Amino acid sequence: RDTALYLQFTSSPTQVSNCLFIANSGAGIRVNYPGRFYNNTFVDNYDGMFLDITPAQAVDIRNNIFSDNVHSGLHIFDNSTALNLSYNLFFNTVNVIDNDTQRNRNAPSDINQMNGATGNYTGNPFFANNTLTSSGDYHLRGSSPGIDAGDPAFAYGNEPEPNGSRINLGYDGN
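Please read these numbers as outputs of a predicted model, since none were measured by experiment.

Asker: What is the right way to read the pattern of salt bridges from this model?
Answerer: Counting across every chain of the model gives four salt bridges. Asp151 is the salt-bridge partner of Arg62, the closest N and O atoms lying 2.8 Å from each other. Taken together, the positions of Arg62 in strand β8 (residues 58–62) and Asp151 in the segment after β18 (137–140) put the pair 89 residues apart, joining distant regions of the chain. The burial state of Arg62 is the same as that of Asp151; both residues are buried. Here Asp110 and Arg105 are joined by a salt bridge, their closest N and O atoms 3.3 Å apart. You'll find Asp110 and Arg105 in the same group, each marked buried. Taken together, the shared-partner salt bridges connect Asp60, Arg62 and Asp151 into one network.

Below, the structure is given as structure tokens:
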């Protein structure tokens with residue numbers, strides 16, 4: 001598989017939520033128009049997400065996990081001035097490639113300095129069984145930093161008790 005999901009040429013934003021993108025030789029998602037991407041997990045893709053967007057397009061990326069991607073967790077070809085990159089967990093990859101500034105952003109403090117970025121983390125997500133294949137179990141263990149680490153504004157009521165009064169990161173959050 002090259003790219004699992006390629007979204008282009010639509011006039012209204014699309015929402016992609018609670019998906020697992022794994023082992024794609026291209027991007028888990030390649031996007032060139034506005035969209036909302038909530039609670040997804042990207043593992044062992046070339047790029048977790050590849051954004052080729054113009055500065056006026058709004059892209060909202062929250063509560064995702066980017067782990068073990070070969071080239072980058074998130075590759076931003078054109079940095080949108082309307083980017084919301086918040087409450088995501090990055091691990092074992094070049095976390096964010098920001099082509100506007102020609103920088104690889106790896107530390108949370110560096111990622112969170114981007115326009116529209118806040119509350120992002122780095123660390124091992126502690127998947128139940130990370131095999132880097134589709135046969136793995138990519139739910140979070142109780143010791144994961146992704147537990148109760150999502151955007152406080154998101155609903156968490158569908159998560160099993162005790163749910164910590166906050167949404168989990170990744171594809172099975174809420």
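Asker: Explain the sheet that holds strand β5 (residues 35–38) here, please?
Answerer: By definition, the strands of a sheet pair up through backbone hydrogen bonds, in either a parallel or an antiparallel sense. Overall, parallel pairing links the five strands, which are arranged β2-β5-β8-β11-β15 in an open sheet. The two strands at the open ends of the sheet, each matched to only one other strand, are β2 (14–17) and β15 (117–118).

Asker: Which parts of the structure should I look at to understand the nonpolar core?
Answerer: Side chains of nonpolar character tend, in soluble globular proteins, to be buried together. By size, the foremost hydrophobic cluster in this structure holds 23 residues, and its most contacted members are Ile29, Phe37, Met49, Leu51, Ile61, Leu74 and Leu85. Among the elements of the structure, β4 (27–31), β7 (47–52), β8, β10 (72–78) and β11 (82–86) are those that each provide at least two residues to this core. Among all residues touching Leu85, those that are not within four sequence positions of it are Ile61, Leu74, Val96, Ile111, Met114, Gly116, Ala117, Thr118 and Asn120. Formed by ten residues, the second largest nonpolar core is a distinct cluster that contains Ile22, Ile65, Leu140 and Leu169.

Asker: I keep staring at the sheet that holds strand β6 (residues 41–43) and nothing clicks. Help me out?
Answerer: Taken in spatial order, the five strands of this open sheet run β3-β6-β9-β12-β16, and their pairing is parallel. Taken across any chain shown, the strands that pair with only one partner, and hence form the sheet edges, are β3 (20–22) and β16 (121–122). Across three bridges, the pairing between β3 and β6 is parallel. Its bridge partner being in β6, Ile22 is matched across the sheet by Val43.

Asker: Just to check I follow, could you spell out the environment of Asn112 for this structure?
Answerer: Residue placement: Asn112 occurs in the loop between α1 (108–111) and β15. Classification of Asn112 by relative accessible area gives partly exposed; the value is 24%. Considered as a pair, Asn112 and Ser86 are 26 residues apart in the sequence and their alpha carbons are 8.3 Å apart. Ignoring sequence-local partners within four residues, the contact set of Asn112 consists of Ala117, Thr118, Gly119 and Asn120. Reaching out from Asn112, the side chain makes a polar contact with the side chain of Asn120 at a distance of 2.8 Å.

Criteria and cut-off values
Residues numbered from 1 in each chain as written. Predicted model: local features only at pLDDT ≥ 70, side-chain atom pairs only at ≥ 80, totals over all residues. Heavy atoms only, no water. Salt bridge = Lys/Arg side-chain N within 4 Å of Asp/Glu carboxyl O. Helix = DSSP H or I, 4+ residues; strand = E, 2+ residues; numbered from the N terminus. Buried < 20%, exposed > 50% of the residue type's maximum accessible area, 1.4 Å probe, protein only. Pairing = 2+ DSSP bridges. Core = buried A, V, L, I, M, F, W, Y, C linked by side-chain atoms within 4.5 Å. Contact = heavy atoms within 4.5 Å. Polar contact = N/O pair within 3.5 Å; in protein donor to acceptor, adjacent residues only side chain to side chain.

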